[in-house]
Amino acid sequence: QVQLVESGGGLVQAGGSLRLSCAVSGITFSRLAMGWFRQAPGKERDAVASISGGGTNTAYADSVKGRFTISRDNAKNTVYLQMNSLKAEDTAVYYCAADRTFFRASRLEYEYDYWGQGTQVTVSS
């Protein structure tokens, strides 16, 4: 059974930082591309960042470029999202997702096969 478990969310002041983690089990992690998505209240879920299985390809939403960094540790079966200079508009539930097509860094929700339950990030202004 494939499981994705996010952690690291919480409440932070604007300008602060958080690091989200997503631990994957039940599948060969290095063969997965990974992505982070977020959904704010009353809004659709949007892509935030993605990374290919080997870590060589990454993609970011324009709104987070220069502030967020996606990375992965294949030895730990974990993908990370380092979030710096957080803004109130970054408040959302953050989800990690796994794509079995390992070479791409897709920002398309429908291309992901497995999803975590989400972790809340709240940025106070």
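You'll find the structure just up there.
Now for a quick tour of the structure. (Residues numbered from 1 in each chain as written. Predicted model: local features only at pLDDT ≥ 70, side-chain atom pairs only at ≥ 80, totals over all residues. Heavy atoms only, no water.)

## Regarding the nonpolar core
To keep things clear, this is the line we draw: Residues grouped as a nonpolar core are buried Ala, Val, Leu, Ile, Met, Phe, Trp, Tyr and Cys residues, joined through side-chain atoms within 4.5 Å. Here's how the labels work: a residue is buried when its accessible area is under 20% of the maximum for its type, exposed when over 50%, partly exposed in between, all with a 1.4 Å probe on protein chains only. A run of H or I in DSSP becomes a helix once it reaches four residues, and a run of E becomes a strand once it reaches two; helices and strands are each numbered from the N terminus.
Core analysis: the largest hydrophobic core is formed by 29 residues, its most contacted members being Met 34, Trp 36, Leu 81, Met 83 and Tyr 94. Looking at this core, the elements that each hand over two or more residues are strand 3 (18-25), strand 4 (33-39), strand 5 (46-51), strand 7 (68-73), strand 8 (78-83), strand 9 (92-99) and strand 11 (119-124).

## A short note on the pairing of strand 9
Note the threshold: At least two DSSP bridges between two strands are needed for those strands to be called paired.
In terms of residue burial, strand 9 counts as a mostly covered element, since 7 of its 8 residues are buried. In this structure, strand 4 lies alongside strand 9, joined through 7 bridges in antiparallel fashion. Counted as the bridge partner of Gln 39 is Val 93 from strand 9. Note that strand 9 and strand 11 share 3 bridges and pair antiparallel. Within strand 11, the position partnered with Ala 92 by the bridge is Val 121.

## Some words on the layout of surface pockets
Keep this limit in mind: A pocket here means an open set of points on a 1 Å grid, computed over the protein atoms alone, that has protein on both sides within 12 Å along at least five of seven lines. A cavity is instead a set of points where a 1.4 Å probe fits but cannot get out; residues with an atom within 4 Å of a point line either one. Grid points are joined across faces, edges and corners, and a volume is the space filled by probe spheres set on the points. Charged means Asp, Glu, Lys or Arg here, nonpolar means Ala, Val, Leu, Ile, Met, Phe, Trp, Tyr, Cys or Pro, and polar covers whatever is left, Gly included.
As a volume, the largest pocket reaches approximately 170 Å³. In this structure, the largest pocket is lined by 15 residues; those nearest its centre are Arg 38, Ala 40, Lys 43, Asp 46 and Glu 89. Residue assignment for the lining of the largest pocket shows that the elements contributing at least two residues are strand 4 and strand 5. Among the elements that make up the lining of the largest pocket, the one with the highest residue count is strand 5 (3 residues). For the lining of the largest pocket, the class distribution of residues is 7 nonpolar, 3 polar and 5 charged.

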